[in-house]
Amino acid sequence: MIISTYTMLSSGSKLALFIALTVLALLAGALLALNARRRLFGCAGARAVGFVGLVAGLPALMMGLSRVEMEMLYRVVPLAPLAGALIAGLFGKAVGRAGAHLVTSFGVLVALAASILIYVDVLAGNTFNDTVYTWMEAGGITFEIGFLIDSLTVMMMLVVTFVSLMVHVYTIGYMSEDPGYQRFFSYISLFTFSMLMLVMSNNFLQLFFGWEAVGLVSYLLIGFWYKRPTAIYANLKAFLVNRVGDFGFLLGIGLIVAYTGSLDYAEVFEEAGNLASLEMAGTGWPLITAICICLFIGAMGKSAQVPLHVWLPDSMEGPTPISALIHAATMVTAGIFMVARMSPLFELSDAALSFVLVIGATTALFMGFLGIVQNDIKRVVAYSTLSQLGYMTVALGVSAYSAAVFHLMTHAFFKALLFLGAGSVIIGMHHDQDMRNMGGLRKYMPITWITSLLGSLALIGFPLFSGFYSKDSIIEAVHAAQIPGAGYALFCVLLGVFVTAFYSFRMYFLVFHGEERFGKAHDAHHHDAHADDDHQDDHHHGLAPGQKPHESPWVVTVPLVLLAIPSVLIGYFTIEPMLFGEWFKSVIFVGDNHVGLSELAASFHSPLGMAVHGLQTAPFWLAMGGVALSWYFYMKRPDIPAAIQRRFSAVHTLLENKYYFDRFNEVFFAAGSRLLGRGLWKGGDQALIDGAVVNGSARLVGWISQASRLLQTGHLYQYAFAMIIGVFVLLTFWFNRG
Amino acid sequence: MTDMPLLSLAIWIPIFGGLLVLATGSDRNAPLARALALLVAVAGFAVTVPLYLGFDTGTATMQFVEMAPWIRPYNINYHLGVDGISVLFVILNAFVTVIVVLAGWEVIREKVAQYMAAFLIMSGLMNGIFSALDGVLFYVFFEASLIPLYLVIGIWGGANRVYAAIKFFLYTLAGSLLMLVALLYLFLQAGGSFSILDWHQLPIPMGAQSLIFFAFLAAFAVKVPMWPVHTWLPDAHVEAPTGGSVVLAAIALKLGAYGFLRFSLPIVPDAAQYYAPLLITLSLVAVVYIGFVALVQTDMKKLVAYSSIAHMGFVTLGFFMFNQLGIEGALVQMISHGFVSGAMFLCIGVLYDRMHSRNIADYGGVVNKMPKFAAFFMLFAMANAGLPGTSGFVGEFMVVLGAVQFNFWVAFLAATTLILGAAYSLWMYKRVVFGEVANDHVAQLDDINGREFAFLAILAFCVLAMGVYPFPFTEVMHASVDELLRHIAVSKL
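Bear in mind that the values here come from a model prediction, so they are computed numbers and not experimental data. (Residues numbered from 1 in each chain as written. Chains lettered and ligands numbered in written order. Predicted model: local features only at pLDDT ≥ 70, side-chain atom pairs only at ≥ 80, totals over all residues. Heavy atoms only, no water.)

**A few points about the overall build of chain A**
Summing up its helical and strand segments, chain A has 31 helices and two strands in all. Residues counted as buried form 59% of the 738 residues belonging to chain A. Counting only contacts in chain A whose residues sit at least 6 apart along the sequence, the fraction spanning at least 24 positions is 81%. On chain A, roughly 28400 Å² of surface is accessible, and the fraction owed to carbon and sulfur atoms is 69%. (Helix = DSSP H or I, 4+ residues; strand = E, 2+ residues; numbered from the N terminus. Buried < 20%, exposed > 50% of the residue type's maximum accessible area, 1.4 Å probe, protein only. Contact = heavy atoms within 4.5 Å. Areas by Shrake-Rupley, 256 points an atom, 1.4 Å probe, with all protein chains shown as cover.)

Here it is in structure tokens:
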């Protein structure tokens with residue numbers, strides 16, 4: 001009856017009803033939140049309001065929404081997390097701890113629900129590209145805030161809101177003892193808002209906005225434990241390295257605006273053909289290559305590609321939930337998303353694509369090597385993230401954009417899972433992150449163990465798991481590619497499979513299997529792997545002698561299980577529509593001169609067939625080889641790794657020092673800048689300008705007055721003599737001037 | 001409403017109000033002086049609001065014009081008016097005055113009446129500069145405004161205040177004397193008119209244009225300040241009391257930049273275009289060189305002072321590219337810099353009032369004791385680094401876009417501010433705010449009180465509002481900037 005009444009309403013009143021119910025639902029969330037602390041309305045009262053809001057709101061949302069209502073819904077997606085962030089951030093004291101997590105989680109839940117509705121709507125063929133408001137007009141260019149809702153956007157929206165919700169719930173358990181609880185929830189909701197604005201943008205201005213805003217929140221979260229010197233060093237480093245990328249990104253946007261006069265994606269893409277025929281004024285470079293490389297430098301910063309990758313390992317100083325959300329699943333993939341979105345531009349420049357390919361391949365392999373020598377559980381996962389981002393970048397370079405985005409999605413799930421699993425281990429270990437102190441945890445943390453195993457299998461690309469479909473597609477695409485650099489890339493991604501499997505299962509065996517090494521008296525090697533995930537006011541870490549680890553509470557394990565499901569299944573179910581179907585056809589453009597995924601599409605029959613075929617290909621055996629070797633090294637013969645380390649100490653030192661990137665940056669850029677600054681300050685400003693010119697002219701005035709004082713002798717005859725000489729000289733010149 | 005002489009009110013309410021405050025005399029009446037000063041400042045701000053509301057964005061002609069003969073024999077007039085270039089600065093100036101009065105509320109304990117009066121009178125004089133359309137009137141305001149600032153630095157300043165005050169005074173005076181010569185030349189050339197608008201139409205030969213250009217440059221470059229005549233600014237800032245630094249950064253630096261737009265560009269357009277490469281080079285030096293210098297400062301105020309010079313480099317860069325994005329971006333940057341640098345100096349003032357030190361090394365871990373303050377300071381530091389969503393981004397973005405249109409390599413150098421600005425702002429923030437409580441003095445810090453919260457919150461609102469929705473700010477500029485660009489494009493030889 002209610003439903004039939006609802007369908008009879010006019011569009012206007014439906015809209016009003018929808019807004020009213022949304023407000024009511026938000027209000028209910030806020031009431032629940034307030035109530036959790038102050039018991040203002042009585043528990044039953046608040047629950048009743050919240051229940052009515054939700055129950056009344058849901059059918060309104062479930063009914064087919066008119067276009068106007070859908071457009072309202074687009075706004076709800078980013079604004080709901082923003083509202084949560086503001087409430088938790090500005091009124092954190094008033095709403096209390098429970099209030100903060102309720103209101104922010106609720107905001108993200110609303111965003112997720114709305115994203116699902118939008119997904120259904122996009123599936124039905126409805127897309128959207130329009131302005132929300134005009135930010136500014138100047139120089140004949142309109143600067144706007146607007147949304148582009150299509151299949152690529154909505155996929156990103158689902159990934160972001162889903163992982164964000166999981167992380168919100170997980171954080172309730174993970175951060176439960178932290179004094180900055182409300183602040184943390186405020187930040188992660190603010191991040192969700194920024195990331196959604198980034199992916200939903202229909203123009204470069206808003207893209208840049210979101211781009212820098214996620215960087216800001218990343219900065220705030222890496223430095224969340226602001227008392228720790230390492231954390232506040234890492235967040236400054238992250239921000240500055242990202243700014244180097246943004247520097248290129250901004251110039252790329254500047255070139256686009258200068259030559260097309262527009263910031264709007266659609267308008268710029270229409271002009272793309274023109275851009276390809278132009279040269280950059282004053283350089284003679286092909287314009288389109290310059291634009292794409294500038295844009296990609298932005299992606300290198302955000303998506304941590306060599307040599308701008310240096311900030312990501314250090315970002316592990318932040319609490320583990322944000323490592324999962326920001327530094328694995330979402331923010332770091334913004335660069336991949338951006339390049340995929342810009343496929344109509346990148347397709348026009350083979351030089352830029354080759355550049356992308358080589359950078360990506362280098363990242364994929366060489367960052368993987370570094371994962372092998374890490375002892376900190378989070379850092380292993382961090383280097384594996386770098387390596388996987390390299391795989392995505394490789395896919396972009398060979399024009400397999402949809403494979404890149406596909407791997408982005410599967411990786412978001414299994415890497416968030418691995419990070420949250422690592423976080424659960426860290427809780428169980430009482431904030432000890434050194435894998436050398438773990439071992440045999442599977443007995444004590446069964447859920448964490450199983451989910452981490454599933455995540456690791458997905459990561460190494462075991463057939464049928466999600467990572468298999470996405471990674472294998474990338475490797476196949478590289479295999480088929482003709483573009484310069486493809487040979488090197490193929491070598492890197494194939495060897496990378498082996499390396500990935502090796503370090504992943506090294507971690508897995510060290511943590512969950514083998515001898516129980518925890519609870520012993522802290523020995524020497526405990527100190528060099530400083531506990532990175534130590535809480536602000538919580539200095540004890542590690543298990544006391546005799547103490548056993550324990551499984552984490554349900555708020556931690558439930559997100560693990562919920563993330564494990566897509567980590568296993570999502571590849572099987574989505575590869576066909578995403579890579580070979582119509583899903584991305586209208587949003588991702590692949591030029592006729594590039595192979596992309598077409599060869600793979602020709603041989604693809606079914607997901608199951610692909611898995612079966614996968615058993616006979618090199619990547620599978622490389623991965624198995626990696627797993628077997630790590631089993632042999634770390635389960636069977638732990639003496640071998642140590643021997644290798646001694647034997648090849650030079651290589652080990654190189655890897656330990658991360659190829660000396662950090663050292664180089666510190667010495668050359670950081671210290672060099674300070675030296676230059678001091679030189680300009682002391683030498684230029686103080687010595688030259690102030691010393692010689694300003695105070696020098698003051699001294700000069702002093703000397704002149706000294707000198708002129710000498711002339712003022714007071715003797716009349718000297719003055720008279722001077723006057724006569726003067727008149728004489730003047731007259732001489734006067735009469736001889738002709 | 002528009003019949004009221006709004007510009008005169010904006011000038012004379014603060015000046016006479018200031019004199020009234022001065023009349024309250026000794027520090028026994030300090031509470032009265034403070035209250036009266038706030039009243040005058042708010043009234044002064046209130047009369048500028050209709051300037052925005054009643055502004056016609058469709059025309060480039062002068063609005064709210066007032067005209068009365070002043071010194072008849074020389075045809076000198078009391079001629080006021082604003083266009084899209086100047087109107088926002090009148091409002092900004094009146095707004096900042098309110099903030100400054102609030103900022104000096106409890107902090108200034110000696111010669112309260114004189115302190116407040118100096119700022120009010122200065123505010124009135126500066127409004128005169130932004131709205132004067134007569135050369136002599138402009139010059140009188142321009143010179144007179146030096147005096148209160150000189151006094152503020154010289155009386156309420158720090159240990160080395162006399163050196164700084166004299167350096168500031170001599171620097172700026174030397175520049176403006178050359179400008180006086182140029183004004184007299186233009187008076188004679190225009191057949192006995194001091195009207196700036198008449199001068200805009202005056203044909204001038206190239207040789208004379210060059211001389212006039214450099215005469216103006218001497219006056220305005222010092223005020224901006226442009227590299228290499230910038231060294232007075234860090235000294236002046238370091239010695240000035242907080243309010244003095246705020247006015248210096250937020251308003252006084254804008255006078256020079258405004259002068260370029262009102263005098264140099266329209267009166268001698270050919271010379272301006274001929275010498276544009278020089279000015280662009282100096283601007284880029286300011287952005288890059290000063291960026292590095294700011295990085296290594298150990299004194300917070302000096303650091304922000306240097307960052308001001310770098311930001312003003314963006315302004316002059318925007319002007320001399322002669323495209324709309326550049327000039328409007330520069331104007332937006334000027335307004336934004338008014339908010340942001342003002343707020344940065346206020347934040348440093350908040351710390352200085354408690355610790356009596358500006359040395360970065362004396363701080364560390366302030367966030368532990370002053371979380372609210374840390375949040376505000378973070379916002380302003382980010383705005384200083386040009387983060388999108390804050391006002392600091394808007395102008396930089398526009399100027400960089402304009403620069404790419406002009407020349408990619410100019411844009412390349414200008415865009416380094418993205419890295420340098422973040423480096424010096426956030427490195428300072430890290431050392432001052434983050435970390436463990438560094439020493440006993442920091443351990444005893446109290447968080448900001450209601451008054452401090454109020455003025456920081458107002459500025460935070462401005463910074464965010466302008467960053468999220470700059471449309472209302474740029475809207476008023478278009479007609480005037482368009483007209484200016486058309487005007488420059490026509491040779492006056």
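**A look at the state of the cysteines**
Enumeration over the complete set of coordinates arrives at zero disulfides over all chains. We note that Cys292(A) lacks a disulfide partner, and the nearest cysteine sulfur, in Cys294(A), lies 9.5 Å from it. Classification of Cys292(A) by relative accessible area gives buried; the value is 0%. Take Cys462(B): it sits in no disulfide, and the sulfur closest to it among the cysteines is that of Cys347(B), at 14 Å. With relative accessibility at 14%, the residue Cys462(B) sits in the buried group. (Disulfide = S-S within 2.5 Å.)

**Observations regarding the pattern of salt bridges**
Residue and element names in this part refer to chain A. For the coordinates displayed, the defined rule picks out 19 salt bridges over all chains. One salt bridge connects Arg341 with Asp150, and the closest N-O pair in it is separated by 2.9 Å. A residue pair is termed long-range when its members are at least 10 positions apart, and Arg341 in helix H15 (residues 334-341) and Asp150 in the loop between strand E2 (141-149) and helix H6 (151-174) qualify at 191 residues. Pair check on accessibility: Arg341 and Asp150 agree, each one buried. Taken together, the shared-partner salt bridges connect Arg228, Lys237, Asp314, Glu317, Arg379, Lys658 and Asp662 into one network. (Salt bridge = Lys/Arg side-chain N within 4 Å of Asp/Glu carboxyl O.)

**Here we look at the interface of chain B and chain A**
Contacts between the two partners involve 60 residues from chain B and, on the opposite side, 53 residues from chain A. Where chain B abuts chain A, roughly 5100 Å² becomes buried across the two surfaces, and 76% of that area is made up of carbon and sulfur atoms. The interface formed by chain B and chain A includes one salt bridge. Note that Asp690(A) and Lys167(B) form a salt bridge whose closest N and O atoms lie 2.8 Å from each other. For the pair chain B and chain A, the number of links is 15 residue pairs in polar contact (both at pLDDT 80 or more). Residues that form the side of chain B that touches chain A fall into these classes: 41 nonpolar, 13 polar and six charged. (Buried area = accessible area lost by both parts, 1.4 Å probe. Polar contact = N/O pair within 3.5 Å; in protein donor to acceptor, adjacent residues only side chain to side chain. Nonpolar A, V, L, I, M, F, W, Y, C, P; charged D, E, K, R; others polar.)

**Quick look at helix H13 (residues 276-295) of chain B**
For H13(B), spanning 20 residues, the distance from its first C-alpha to its last is 28 Å, which sits close to the expected 28 Å at 1.5 Å a residue. Counting buried positions along H13(B) gives 15 out of 20 residues, so the element sits mostly inside the fold. (Expected span 1.5 Å × (residues − 1).)

**Quick word on the UniProt feature "domain: NADH:quinone oxidoreductase/Mrp antiporter transmembrane" (unreviewed entry) in chain B**
As recorded in UniProt, the sites labelled "domain: NADH:quinone oxidoreductase/Mrp antiporter transmembrane" (unreviewed entry) are residues 134-417 of chain B. Taken end to end, residues 134-417 of chain B is 80% helix and 0% strand, and its two terminal C-alpha atoms sit 37 Å from one another. (UniProt positions renumbered as here; feature names shortened; annotations may be inferred.)

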